[in-house]
Amino acid sequence: MRLSAYFLPLLKESPADAQIVSHQLMLRAGMVRQLSAGIYSWLPLGHAVLRRVEQIVREEMERAGCQEILMPSVQPAELWQESGRYEAYGKEMLRFLDRHERPMLLGPTHEEVVTDIFRRCIRSYRDLPQNLYQIQWKFRDEIRPRFGVMRGREFLMKDNYSFDLDFEGAKRSYDNMFQAYLRTFKRMGLTAIPMRADSGAIGGDMSHEFQILAPTGESEVFFDAAFEEIDFFADDLDIERLKELYAATDEQHDPSACPVPAERLRHGRGIEVGHIFYFGTKYSKALGATVTGPDGDDVIVEMGSYGIGVSRLVGALIEANHDDKGIIWPESVAPFRVGLINLRASDETCTAMTSDLDAKLRRAGVSTLYDDRNESPGVKFATMELIGLPYQVIVGPRGVKAGVVEVKDRRTGETVEMSPDAMLDRFAR
Ligand code: 5CA
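Worth saying up front: this structure is predicted, and the values here are computed from it rather than measured. (Residues numbered from 1 in each chain as written. Predicted model: local features only at pLDDT ≥ 70, side-chain atom pairs only at ≥ 80, totals over all residues. Heavy atoms only, no water.)

J.: I'd like a description of the packing of aromatic side chains, backed by residues and values.
T.: Per the counting criterion, the structure on display carries twelve aromatic pairs. Ring centres of Phe 118 and Phe 163 lie 4.3 Å apart, and the angle between their planes is 10 degrees; on these two criteria the pair is classed as stacked. In this pair, Phe 118 sits in helix H5 (residues 111–121) while Phe 163 sits in strand S8 (residues 154–164), placing the two residues 45 residues apart along the sequence. A single burial state applies to Phe 118 and to Phe 163, both of which are buried. By way of ring pairs, the aromatic residues Phe 178, Tyr 181, Phe 185 and Phe 210 are connected into one cluster. Here the guanidinium or amino end of Arg 95 rests over the ring plane of Tyr 86, the centre of that ring lying 4.6 Å away. Residue placement shows Arg 426 over the ring face of Tyr 391; its charged tip is 4.7 Å from the ring centre. (Phe/Tyr/Trp six-rings, centres within 6.5 Å; stacked < 30°, edge-to-face > 60°. Helix = DSSP H or I, 4+ residues; strand = E, 2+ residues; numbered from the N terminus. Buried < 20%, exposed > 50% of the residue type's maximum accessible area, 1.4 Å probe, protein only. Lys NZ or Arg CZ within 6 Å of the ring centre and 35° of its normal.)

Written out as structure tokens, the structure reads:
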């Protein structure tokens, strides 16, 4: 992609209403624009990251044996009256009437819809277990939408729903998701601590939130100092040990019953990027989702639901990966892998060489953003630093003469000179 043609509306200053760094950087880097409180349009750069995050989530759900579906965002109130949540959900649910005066709503979550699908389609225990997921826009009329995409009113969620014959099965599904979540966040380079949590409006008996530690996080969290020594990226990460260690959000934390001695208890703030729930037969009972069991009797199925905040993750990734110049994308979610900077667009040799390298990189399957604008080197460097592509390839008149380009690592700031061929080998691996 050529930057001169790319839709990238950069801002020089941080808008005054953006309080946290991820919100400021997303606006400055032209990733999103607000349409209305908590409702955002995703522009090309932001959309590219959102898609990459979504794809990692999708691949890990598939690996965990889940199947993708897509449910409607507009739902009939009737279904929620059946589950008993229609009144209870309160003002966070956006409600309206269709032309026939039938009460409808914009889905804040999909337990009811998926349970309805299940009860219409599955009859026998032989068809269990099932685990269905979707990646879908949700609407919650949050009282205080803030921090950009972190707490939006419209936001993208991955939500799955598991169906099992009995508690043992449901527990297996829960553990399977627990593990899939750790893998998903790991692929994004994030350390997300699983914490015992309150199950809130979803309900249920067992629930974990996955929290990324960050001073700007909205949740107050308490955890065993032992978490600080755990390498979440190790291949042999001991999940059972993780589960035994104490970590809880403030709703669950009870200082008088906390098993961790004060000197080992850490206290901080976290960004909740995922939340998993086991709630047994709460919805299946209310909606009549049963199967015929092995002995011929009807069995109410056991359920769990599992959410990941896909759009929130884009903000969380920036909170965890930035410096005073801008964003630093981990390679796994970067919108482009390499940013090409042509230091002198007016110089024919420079321009020919940069265009040639751009074509060769793309042919080798490397995604590139080529800054071909007629701007000063300072402006080009600042732009690349701001949008945070993992690598920069810098082509200038002096280097062209010497037969070298500069390769800069955005995270370390390290710059290495190499021949164009060595550079191509470096990225075409
Ligand atoms: N049905 C369950 C799980 S499928 C559910 O709705 N869980 S949730 O309410 O915890 O939401 C799942 C995830 O969505 C949260 O962990 C969070 O990462 C994200 N999320 C929730 N509310 C918002 C919001 N207002 N803006 C952005 N992301 C949100």
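J.: Before we move on, could you go through the packing of helix H10 (residues 348–363) against helix H13 (residues 420–428) and cite the residues and values that matter?
T.: Viewed as axis vectors pointing N to C, H10 and H13 meet at an angle of 25 degrees, and their least axial separation amounts to 10 Å. Of the possible angle classes, the one that applies to H10 and H13 is roughly parallel. Every pair of crossing elements has a handedness; the one defined by H10 and H13 is right-handed. Every residue of H13 that contacts H10 at Met 353, Leu 357, Lys 360 and Leu 361 is listed here: Pro 420, Met 423, Leu 424 and Phe 427. (Axes fitted to C-alpha atoms, helices over the stretch in contact; angles between N-to-C directions. Parallel < 35°, antiparallel > 145°, perpendicular 65-115°, else oblique. Left-handed = near helix turned anticlockwise from the far one by under 90°. Contact = heavy atoms within 4.5 Å.)

J.: Go over the domain arrangement of the protein with me, naming the residues and quoting the values.
T.: Entries for the protein in the domain assignment read domain 1 (3–327) and domain 2 (336–428). Inter-centroid distance (C-alpha atoms) of domain 1 to domain 2 is 38 Å. Taken together, the contacts link 14 residues of domain 1 with 13 residues of domain 2. Counting the surface domain 1 buries against domain 2, the share from its top three residues, Leu 3, Lys 325 and Ile 327, is 44%. Along the contact surface separating domain 1 from domain 2 lie one salt bridge. (Domains from an automatic or database assignment. Buried area = accessible area lost by both parts, 1.4 Å probe. Salt bridge = Lys/Arg side-chain N within 4 Å of Asp/Glu carboxyl O.)

J.: Summarise the packing of helix H2 (residues 44–63) against helix H9 (residues 310–320); cite the residues concerned and give the values.
T.: Two numbers describe how H2 lies on H9: the axes approach to 9 Å, and their chain directions differ by 110 degrees. In terms of orientation, H2 and H9 fall into the roughly perpendicular class. In the packing of H2 onto H9, the handedness of the crossing is right-handed. Along its contact with H2, which presents Val 49, Leu 50, Val 53 and Glu 54, the element H9 presents Val 310, Ser 311, Leu 313, Val 314 and Leu 317. Of the residues in the contact of H2 with H9, the class split is seven nonpolar, one polar and one charged. (Nonpolar A, V, L, I, M, F, W, Y, C, P; charged D, E, K, R; others polar.)

J.: Lay out the site of the ligand with the relevant residues and their values.
T.: In the vicinity of the ligand lie 22 residues, with Thr 109, Glu 111, Arg 140, Gly 152 and Glu 272 positioned nearest. A distance of 2.7 Å separates a nitrogen atom of the ligand from a polar side-chain atom of Thr 109. At a separation of 3.2 Å, an oxygen atom of the ligand approaches a polar side-chain atom of His 275. Among the secondary structure elements, those contributing two or more residues to the shell around the ligand are S8, strand S13 (265–280) and strand S16 (302–309). When residues in the shell around the ligand are grouped by element, the largest group, five residues, is from S13. (Near = heavy atom within 4 Å. Polar contact = N/O pair within 3.5 Å; in protein donor to acceptor, adjacent residues only side chain to side chain.)

J.: An account of the nonpolar core is requested, with residue identities and associated values reported.
T.: Grouped together as the largest cluster of nonpolar side chains are 78 residues, with contacts concentrated most on Met 31 and Trp 329. The residues contacting Trp 329, other than those within four sequence positions of it, are Met 31, Val 49, Val 314, Leu 317, Ile 318, Ala 334, Pro 335, Ile 387, Gly 388, Leu 389, Pro 390 and Arg 411. Judged by nonpolar contacts, the second largest core, of 24 residues, contains Met 93, Ile 122, Phe 163 and Phe 279. (Core = buried A, V, L, I, M, F, W, Y, C linked by side-chain atoms within 4.5 Å.)

J.: Just give me the short version of the pairing of strand S22 (residues 405–409), but keep the residues and values in it.
T.: With four bridges connecting them, strand S21 (residues 391–395) and S22 associate as antiparallel partners. Paired with Tyr 391 across the strands is Asp 409, a residue of S22. Bridge count between S22 and strand S23 (residues 415–418): four bridges; the pairing is antiparallel. In the strand pairing of S23, Glu 406 is matched with Glu 417. Hairpin connection, S22 to S23: the antiparallel pair is bridged by five residues, and Gly 413 has positive phi, about 80 degrees. (Pairing = 2+ DSSP bridges.)

J.: I'd like to hear about the sheet that holds strand S4 (residues 74–76), residue by residue, with values.
T.: Taken in spatial order, the three strands line up as S4-S6-S5 in an open sheet, and their pairing is antiparallel. The open sheet is flanked by S4 and strand S5 (95–97), the only strands paired with a single partner. Between one strand axis and the next, the sheet turns through 40 degrees on average, direction left out of account. Of the strand pairs in this sheet, S4 and strand S6 (residues 103–106) are connected by three bridges, and their pairing is antiparallel. Considered in S6, the bridge of Pro 76 is made with Met 104.

J.: Got a sec to walk through a negative patch on the surface? Specific residues and values, please.
T.: On the surface, Asp 231, Asp 236, Asp 238, Glu 240 and Glu 244 cluster together into a negatively charged patch. Examined against the element boundaries, Asp 236 turns out to sit in the loop between strand S11 (219–224) and helix H7 (239–244). (Patch = residues over 30% accessible without salt bridge, like charges linked within 9 Å, V, L, I, M, F, W, Y side chains within 5 Å. Areas by Shrake-Rupley, 256 points an atom, 1.4 Å probe, with all protein chains shown as cover. Lys, Arg positive; Asp, Glu negative; His and termini not counted. Charge placed at Lys NZ, Arg CZ, Asp CG, Glu CD.)

J.: I'd like to hear about the pattern of salt bridges, residue by residue, with values.
T.: Any two side chains of opposite charge can pair if their charged atoms end up close together. Counting across every chain of the model gives 32 salt bridges. As a salt-bridge pair, Lys 186 and Asp 235 come within 3.9 Å of each other at their nearest N and O atoms. Note that Lys 186 is positioned in helix H6 (residues 167–187) and Asp 235 in the loop between S11 and H7, a separation of 49 residues in sequence. The class of Lys 186 is partly exposed, set by a relative accessible area of 27%.

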